[in-house]
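Residue-level structural notes
So the chains spell out like this:
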Amino acid sequence: MSFNNFRTLFLMIYFFLLSTVFPQTEAGARSTAVAGADISSAGNVFAHFINPAGTAFLGGREAGIFYSPAPFGLTELASSNVAWSEPFGFGTISAGFNTYGFELYRETGLSAGFAGILNQNLSYGFSIEYRNISIKNYGSDGTAMFNFGMIYKITGKINAGFSFNNFFRASVGNETGQLPVSYNLGISYSPDLNSGLFFAVKKELEQDFSIHAGIEYYIIKYLALRTGIRTEPDSYSGGIGINYSIFNINYSVLTHSDLGLTHQFAVIISFWNDN
């Protein structure tokens, strides 16, 4: 094996293991800012990736773009997501695209989802994603994943929800475990229109339970402050959101005890909103 091929193989293995031990952060800067604890929140168009049942409660068409240029200080782990949701009388159809990695190792996903309301308080949703893993000089392979979730509005202020990612334990090639299988359960409390408290427990197969908690508070009509904490791995997060007219601009930062900072940016356009 030549030196260049050996270097390519070494870097590919290194970043594959790194991405497994320190997985990609939540899609959407708002979710990262509250430590990914918003499983039960209707949220925004990025619910397509977090809990597909959340898009059922959106007020209308939304589009969003998300970018994390250097997770944990490493540009090789850069990730981006694009999402779209379109409500109809029978439910909400959503679609998304995501990419992660760099020229030696890259994951890409293309997904479509559907969300509906069973009654006034209960929504369900699912998505099907085609995930492809490409390794330079070693080819690529892909598989289909199935995700689903539900959100129940217990009262006007309290929501409960869960999501199940990669339900059929899809894997790429002949090896198992490259694509995570996770169970997520959460609850949220919104005492008023200006604040929200979020709590979630997440379990990924062959990993310990992870506990997530977050807070969101609008200090003025158009400006929200957010913060969160999680375990496994221990990390802290925070961020701001600017919500004006049809535009929702979000920024978040995530700290890690051993690695660098993660900065994230997202822009959401709510075509139905004119506040």
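Residues numbered from 1 in each chain as written. Predicted model: local features only at pLDDT ≥ 70, side-chain atom pairs only at ≥ 80, totals over all residues. Heavy atoms only, no water.

Side note on the pattern of salt bridges
In the structure shown here, the tally under the stated rule is six salt bridges. Taking the shortest distance from any N to any O, the salt bridge between Glu216 and Arg30 comes out at 3.1 Å. With Glu216 in strand E10 (residues 209–220) and Arg30 in helix H2 (residues 29–33), the pair connects residues that are 186 residues apart, well separated along the chain. Grouping residues by exposure puts Glu216 and Arg30 together as buried. Residues Glu129 and Arg131 are paired through a salt bridge, measuring 2.9 Å at the closest nitrogen-oxygen approach. Assigned by exposure class, Glu129 and Arg131 land together as buried. Residues joined in a network through salt bridges with shared partners are Arg30, Asp38, Glu216 and Arg226. (Salt bridge = Lys/Arg side-chain N within 4 Å of Asp/Glu carboxyl O. Helix = DSSP H or I, 4+ residues; strand = E, 2+ residues; numbered from the N terminus. Buried < 20%, exposed > 50% of the residue type's maximum accessible area, 1.4 Å probe, protein only.)

Quick look at unusual backbone geometry
The linkage connecting Glu232 with the following residue, Pro233, adopts the cis geometry, with an omega of 0°. Tracing the backbone through its elements, the reader meets Pro233 in the loop between strand E11 (223–230) and strand E12 (235–244). The backbone of Asn137 sits at a positive phi, close to 70°, despite the residue not being glycine. With respect to the helices and strands, the residue Asn137 is situated in the loop between strand E5 (122–135) and strand E6 (139–153). Among the residues examined, Asn137 registers a relative accessible area of 53% and is labelled exposed. Although it is not a glycine, Asn166 adopts a positive phi angle of roughly 60°. In this structure, Asn166 sits in the loop between strand E7 (158–165) and strand E8 (182–192). The class for Asn166 is buried, based on a relative accessible area of 0%.

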